[in-house]
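Structure at a glance
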Amino acid sequence: MILIGSKYKFNELEKEILKKNIVYVKPDKNEIEKLLSKNDFKYLILNTEKIDNELIKYLTSLELQGYKFLTIEHFFENYLQKLYIPNNDTKISYLEEIKPYNKLEYLIKRIIDYIISIPLLILSLPIMAYAAYRIKKESPDGPIIFKQKRVGKGGKEFVCYKFRSMIPDAEKEKPQFASKDDPRVFKWGAFMRKTRIDELPQLINVLKGDMHLVGPRPERKYWIDIFEKEIPYYNQRHLVAPGITGWAQVNYPYGENALDAKQKLMYDLYYIKNWSLWLEIKTIFKTLKVIIGRKGL
């Protein structure tokens, strides 16, 4: 697979998913011609902002020879199931592509929310009771339920519920990302995070209408104010209500910086743009796979 230009460089996770020989080349006819003469490539990905007329004519001739062409944007969506996000917010088409759910889609999502959340809440009561007991046993000084304001649909804040998994006053100075093997997390808290037990109280948020079962994860306003300055189109994720699980959570490992937040946004925007009943079901099943494999934080 040849990437013409260097607008985007694939990360290690993407390379692992694609399992293809990836070569970057300048948008130059002679460079491409030389590369094709020595190697057997099938895909050519346009990974550049600008391309001259001579190169367009050459690439057209290659297409007639059986080579397959895709822009980096289409490649992302078709093969990685995420949306390419440019380094600036001048791409007007995003305003057309990313839309909130229509009335029927929203109704279907709410039906799924209730069908799954109510039985799950009832069945998980013994687990939640045991979780409360372990929290009080291992970290008796803090509350069992951790309440925190998160940003939801339309940028409005709501109170999000979670089982507390960290020591009291874990953020004494300012908000900070949790990290892998975070020392602030007590032993039972780490287990809850890996198995997603700590998220169970958010079923109440789902039934209240603050959240969906599936959607972009709700974030704190502190981080959103930072991300919206650093990441183009970050506010687009607030066109819909957040979720307990999401397409980003089941496809991208735990993130702890703005670069990870951008990668997760690519998945979130793909989910919003391409929402379907099948994608909803697929996300739920992938979530179960993550929980069973304990691949959480």
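Description of the structure in this document.

Before going further, it helps to spend a moment on the overall build of the protein chain. Secondary structure assignment for the protein chain yields 13 helices and eight strands. Each principal axis of the C-alpha atoms in the protein chain carries an extent, and together these give about 70 × 45 × 35 Å. Residue burial in the protein chain is summarised as follows: out of 297 residues, 48% are buried. Counted over contacts in the protein chain with a minimum sequence separation of 6, partners at least 24 positions apart contribute 69%. For the protein chain, the accessible surface area stands at approximately 16400 Å², while carbon and sulfur atoms represent 56% of it. Side-chain charges of the protein chain comprise 51 positive and 37 negative groups, with the mean position of each set lying 5 Å from the other.

Moving on to helix α7 (residues 125–138). Given 3.6 residues per turn, any residue in an α-helix points the same way as the ones three and four places further on. Its 14 residues place the ends of α7 20 Å apart at the C-alpha level, agreeing with the 20 Å of an ideal helix rising 1.5 Å per residue. Where the residues of α7 are buried, they touch α6 (103–123), β6 (157–163) and α8 (187–195).

Take the packing of aromatic side chains next. Tallied over the full model, the rule gives 16 aromatic pairs. Both rings, one in W247 and one in Y270, keep their centres 6.3 Å apart while their planes meet at 25 degrees; by these two values the pair is stacked. Of the two residues, W247 is situated in helix α11 (residues 247–251) and Y270 in helix α12 (residues 258–273); the sequence distance between them amounts to 23 residues. Of the residues examined, Y270 reaches a relative accessible area of 10% and is grouped as buried.

Attention shifts here to helix α4 (residues 72–80). All of the buried residues in α4 are I72, F75, F76, E77 and L80. Elements in contact with the buried residues of α4: β1 (2–4), α1 (12–18), β3 (43–46), β4 (68–71) and α12. Downstream of α4 by a residue or two, Q81 has a phi angle that is positive, lying close to 55 degrees.

Right, let's get into the sheet that holds β3. The pairing of strands in a sheet happens through backbone hydrogen bonds and is either parallel or antiparallel. What the four strands build is an open sheet, ordered β2-β1-β3-β4; its pairing is parallel. A strand with exactly one partner marks an edge of an open sheet, and here the two such strands are β2 (23–25) and β4. Adjacent strand axes in the sheet meet at a mean angle of 25 degrees when their direction is disregarded. Each of β1, β2 and β3 touches helix α2 (residues 29–38); the most contacted strand, β2, lies at about 150 degrees to it.

Cut-off values and rules
- Residues numbered from 1 in each chain as written.
- Predicted model: local features only at pLDDT ≥ 70, side-chain atom pairs only at ≥ 80, totals over all residues.
- Heavy atoms only, no water.
- Helix = DSSP H or I, 4+ residues; strand = E, 2+ residues; numbered from the N terminus.
- Buried < 20%, exposed > 50% of the residue type's maximum accessible area, 1.4 Å probe, protein only.
- Contact = heavy atoms within 4.5 Å.
- Areas by Shrake-Rupley, 256 points an atom, 1.4 Å probe, with all protein chains shown as cover.
- Lys, Arg positive; Asp, Glu negative; His and termini not counted.
- Charge placed at Lys NZ, Arg CZ, Asp CG, Glu CD.
- Expected span 1.5 Å × (residues − 1).
- Phe/Tyr/Trp six-rings, centres within 6.5 Å; stacked < 30°, edge-to-face > 60°.
- Pairing = 2+ DSSP bridges.
- Axes fitted to C-alpha atoms, helices over the stretch in contact; angles between N-to-C directions.

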